[in-house]
There are 2 protein chains.
Amino acid sequence: MVTESRGAPALNPYARDCPSRSLLDRIGDRWTVLIIGALGQDTRRFSELARLVDGVSQKMLTQTLRALERDGLVERTVHPVVPPRVEYRLTDEGRSLLSVTDLVERWAVAHYPAIAEAHERYDQRIG
Amino acid sequence: MVTESRGAPALNPYARDCPSRSLLDRIGDRWTVLIIGALGQDTRRFSELARLVDGVSQKMLTQTLRALERDGLVERTVHPVVPPRVEYRLTDEGRSLLSVTDLVERWAVAHYPAIAEAHERYDQRIG
């Protein structure tokens, strides 16, 4: 829980109407985490991202990239060649999210085994 | 993108069928982030959590706490008094998530203004 506030107006995602709350969902969404991670420091084509984030649908990849572009976190460049070459890369703002999504990813990988064990214990106890 | 792997079997959330992928959604869910943050180092009653996480529905709070209990991240204690007193606190495993959710929360608060500006620019350009 972040208690100090800097700047005005103070943002507090614990407050019902704080607009920062909606950002929480965005940051932690699985596709956002994986696409941000797959972009990393590189410039990637759509088809490369589709390959790196195994199993993501075209629709979901398109939607997530568009949302990230609207957020100013991803920059989309269309190269005027035939056929057009479309590339994506993180903006400076987007790169600032990389350390966050990286921590989310590392935590999930490191703690998955303990959580899978906890599920078995819980389900035996409840079931 | 986490490229090294430690231990076996290697978990890789970029792979379609890796079970760690589903954990990503969980960690970044807005209610998980806020409830983990509201618990922090303390023991809390259901009603306290409902007050701290302003606007969360009883149903969503119950569901999220139950999922976190199943994950082994939250411990639920029922004190045999009349009426029963039910308390929640983070397990050691749950406390390890606190640094992750705290970073998600801080990033959202710090970057919300830039993202809101980016939305305005994008919507003017596209609209």
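Residues numbered from 1 in each chain as written. Chains lettered and ligands numbered in written order. Predicted model: local features only at pLDDT ≥ 70, side-chain atom pairs only at ≥ 80, totals over all residues. Heavy atoms only, no water.

> Got a minute to help me understand the pairing of strand 3 (residues 85-90) of chain A in this structure?
Both faces of the sheet carry side chains from a regular strand, because those side chains alternate between them. All names here are of chain A. Here strand 1 (residues 44-45) runs beside strand 3; their pairing, made up of two bridges, is antiparallel. Its bridge partner lying in strand 3, Arg45 is registered against Glu87. Sheet analysis places strand 2 (residues 74-79) next to strand 3, joined by six bridges and oriented antiparallel. Residue Glu75 lies in a different strand from strand 3, and its bridge partner there is Arg89. A loop of five residues connects strand 2 with strand 3, the two strands running antiparallel in sequence. (Pairing = 2+ DSSP bridges. Helix = DSSP H or I, 4+ residues; strand = E, 2+ residues; numbered from the N terminus.)

> Even after reading the chapter, I still don't get the sheet that holds strand 1 of chain A, so can you show me in this structure?
Across a sheet, strands are paired by hydrogen bonds formed along the backbone, either parallel or antiparallel in direction. Residue and element names in this part refer to chain A. In spatial order, the strands read 1-3-2; together these three strands make up an open sheet with antiparallel pairing. The outermost strands of the open sheet, each flanked by one partner alone, are strand 1 and strand 2. In the packing of helix 2 (residues 30-39) onto the sheet, contacts are made with strand 1, strand 2 and strand 3, and the angle to strand 3 comes to roughly 100°. (Contact = heavy atoms within 4.5 Å. Axes fitted to C-alpha atoms, helices over the stretch in contact; angles between N-to-C directions.)

> Looking at this structure, I do not really get helix 2 (residues 30-39) of chain B. What am I missing?
Because each turn of an α-helix spans 3.6 residues, side chains separated by three or four positions end up pointing in the same direction. Residue and element names in this part refer to chain B. In terms of burial, helix 2 is largely enclosed, as nine of its 10 residues are buried. Along helix 2, the residues classified as buried are Trp31, Thr32, Val33, Leu34, Ile35, Ile36, Gly37, Ala38 and Leu39. Its side-chain oxygen placed 3.0 Å from the backbone nitrogen of Trp31, Asp29 serves as the N-cap of helix 2. (Buried < 20%, exposed > 50% of the residue type's maximum accessible area, 1.4 Å probe, protein only. Polar contact = N/O pair within 3.5 Å; in protein donor to acceptor, adjacent residues only side chain to side chain.)

> For this particular structure, what's the right way to read the relation of the copies chain B and chain A?
Copy one and copy two of the chain differ by a rotation about a common axis and a shift along it. Between chain B and chain A, which share one sequence, the superposing operator has a rotation angle of 180° and an axial displacement of 0.0 Å; the RMSD is 0.0 Å. Interpreted geometrically, this transformation is the action of a two-fold axis. Residue B:Gly28 of chain B places its C-alpha closer to the rotation axis than any other residue of that unit, at 1.6 Å. In this assembly, 100% of the residues forming the interface of chain B have copies in chain A that are likewise at the interface, indicating an isologous arrangement. (Least-squares fit on C-alpha atoms with pLDDT ≥ 70 in both.)

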